Amino acid sequence: METELSKREQQIYEFFAYGGNTTKEAAKYFCVSLYTIKQHLQHIYQKLHISSKVELVRHYFLNNK
């Protein structure tokens, strides 16, 4: 059973799902540190049982048609 993403995690999940975005770009876009983005990504990966941005994109498009 997947744990639901927080509102911010959902925003970051969608930001990366559209591809081409770096962690640095995400930090700038959300006005937070690189560390904060990396922490959010780790939580997203754990909750969705994935381990990379490539898997994140795949997961998004398989589950959000």
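Parameters at a glance
- Residues numbered from 1 in each chain as written.
- Predicted model: local features only at pLDDT ≥ 70, side-chain atom pairs only at ≥ 80, totals over all residues.
- Heavy atoms only, no water.
- Helix = DSSP H or I, 4+ residues; strand = E, 2+ residues; numbered from the N terminus.
- Expected span 1.5 Å × (residues − 1).
- Buried < 20%, exposed > 50% of the residue type's maximum accessible area, 1.4 Å probe, protein only.
- Arc of directions from axis to C-beta.
- Contact = heavy atoms within 4.5 Å.
- pLDDT = per-residue confidence, 0-100.
- Axes fitted to C-alpha atoms, helices over the stretch in contact; angles between N-to-C directions.
- Parallel < 35°, antiparallel > 145°, perpendicular 65-115°, else oblique.
- Nonpolar A, V, L, I, M, F, W, Y, C, P; charged D, E, K, R; others polar.
- Core = buried A, V, L, I, M, F, W, Y, C linked by side-chain atoms within 4.5 Å.

Draft legend 1. Fine view of helix α3 (residues 34-48). Taking 1.5 Å per residue, 15 residues should reach 21 Å; α3 reaches 21 Å between its end C-alpha atoms and fits that length. For α3, the full list of buried residues reads I37, H40, L41, I44, Y45 and L48. Viewed end-on, α3 has its buried residues packed into an arc of 140°, placing them on one side of the element. Facing away from the buried side of α3 by more than 90 degrees, the exposed set consists of Y35 and Q46. Check the buried side of α3 and you find it contacts α1 (7-17), α2 (23-30) and α4 (53-63). Positive phi appears at H49, one or two residues downstream of α3, with a value of about 60°.

Draft legend 2. How the structure looks around the confidence of the model for the protein chain. Across the protein chain, the average pLDDT comes to 92, with 97% of residues at or above 70. Between the elements of the protein chain, mean pLDDT differs from a low of 93, seen in α4, to a high of 97, seen in α3.

Draft legend 3. Molecular detail of the packing of α1 against α3. Between α1 and α3, the least distance of the axes is 10 Å, while the angle of their chain directions is 90°. Between α1 and α3, the crossing angle belongs to the class labelled roughly perpendicular. Taking contact as the criterion, the partners of R8, E9, I12, Y13 and F16 in α1 are, on α3, I37, H40, L41, H43, I44, K47 and L48. Split into classes, the residues belonging to the contact of α1 with α3 amount to seven nonpolar, two polar and three charged.

Draft legend 4. Examining the nonpolar core more closely. Ranked by internal contacts, the top residues of the largest apolar core, which has 17 residues, are I12, Y13, F16, I37, L41, I44 and L56. Among the elements of the structure, α1, α2, α3 and α4 are those that each provide at least two residues to this core. If we ignore the near neighbours within four places in the chain, the residues touching L56 are Y13, F16, A17, L41, I44, Y45 and I50.

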